[in-house]
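Fold and geometry: a report
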Amino acid sequence: MDLTPLIGPAVVAAVISSIVSVIGMCISARNARSIHTEKLAFDEKQADRRMTSDIALAEKKLALDYDLDVKKRRAVLAEEVLADFYQARDIIQDARHPGGYASEGSTRPKTDWETDRDASLLDSYYRTTERLLTKADFFAQLHAKRYRFLASFGPETGKSFDEIFQVRHEMNVAVYMLITT
């Protein structure tokens, strides 16, 4: 049997099939490259959008964290100052207490004309100032907090500080008035 008549058409069919396969591969490769390029462009846009939204979210979070930190510091300062005001109230009440020990008021500078009785009376007047003087560091610390408080809560909040210091001043003036008259 002679295969030559069959080989010719088979070769032609194989060649045509090869050409069709190569063309199909080229078209398929071009389509794959095109799809890949589109996918890369889409992924890049998505990455840019995500990065932009992440940055915006981070900025919002930072702003919220800062606001929270500021509010937390303000709350801590307010609690400290409130506790100091309660302590100042107690110090002033204790200083105004009429009873005392014999040694209280003895740090008052004495004058030549005083008798023992006069010195005892004047020392009892001075007792209030002496009690306030022992707490001078506390009032200095409170006065320093005043400026932080004003910076955090505004100038109208300084009235309470002014009232505490005014009461303390009036008490000292009253004592010196009693001593000098």
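This text goes with the structure placed above it.
Read on for a plain summary of the structure. (Residues numbered from 1 in each chain as written. Predicted model: local features only at pLDDT ≥ 70, side-chain atom pairs only at ≥ 80, totals over all residues. Heavy atoms only, no water.)

Right, let's talk about the overall build of the protein for a bit. A count of helices and strands for the protein gives four helices and zero strands. Along the protein, helices and strands appear, N-terminal first, in the series α-α-α-α. Projected onto its principal axes, the C-alpha coordinates of the protein cover approximately 155 × 30 × 25 Å. Put simply, the protein has 181 residues, and 21% of those count as buried. Of the contacts formed within the protein by residues at least 6 apart in sequence, a portion of 70% connects residues at least 24 apart. If you sum the accessible surface of the protein, you get close to 13900 Å²; carbon and sulfur atoms cover 62% of it. Here the protein holds 25 positive side-chain charges and 27 negative ones, and the gap between their average locations is 5 Å. (Helix = DSSP H or I, 4+ residues; strand = E, 2+ residues; numbered from the N terminus. Buried < 20%, exposed > 50% of the residue type's maximum accessible area, 1.4 Å probe, protein only. Contact = heavy atoms within 4.5 Å. Areas by Shrake-Rupley, 256 points an atom, 1.4 Å probe, with all protein chains shown as cover. Lys, Arg positive; Asp, Glu negative; His and termini not counted. Charge placed at Lys NZ, Arg CZ, Asp CG, Glu CD.)

Here we take up the packing of helix H2 (residues 116-134) against helix H4 (residues 159-180). Running from N to C, H2 and H4 cross one another at 160°; their axes reach a closest spacing of 9 Å. As judged from the angle between their axes, H2 and H4 are roughly antiparallel. Like other packed secondary-structure pairs, H2 and H4 cross with a definite hand, here left-handed. In this structure, H2 contributes Leu-122, Tyr-125, Tyr-126, Thr-128, Thr-129 and Leu-132 to the contact, and H4 contributes Arg-168, Met-171, Asn-172, Val-175, Tyr-176, Leu-178 and Ile-179. When grouped by side-chain class, the residues that make up the contact of H2 with H4 number nine nonpolar, three polar and one charged. (Axes fitted to C-alpha atoms, helices over the stretch in contact; angles between N-to-C directions. Parallel < 35°, antiparallel > 145°, perpendicular 65-115°, else oblique. Left-handed = near helix turned anticlockwise from the far one by under 90°. Nonpolar A, V, L, I, M, F, W, Y, C, P; charged D, E, K, R; others polar.)

Glancing now at H4. Compared with an ideal rise of 1.5 Å per residue, which puts 22 residues at 32 Å, H4 spans 31 Å between its outermost C-alpha atoms and is within 8% of the ideal. Looking only at H4, the buried set comprises Phe-161, Ile-164, Phe-165, Arg-168, Met-171, Asn-172, Val-175 and Ile-179. Take H4 and look down its axis: the buried residues cluster within an arc of 115°, on one side only. Turned more than 90 degrees away from the buried face of H4, the exposed residues are Lys-159, Glu-163 and Thr-180. (Expected span 1.5 Å × (residues − 1). Arc of directions from axis to C-beta.)

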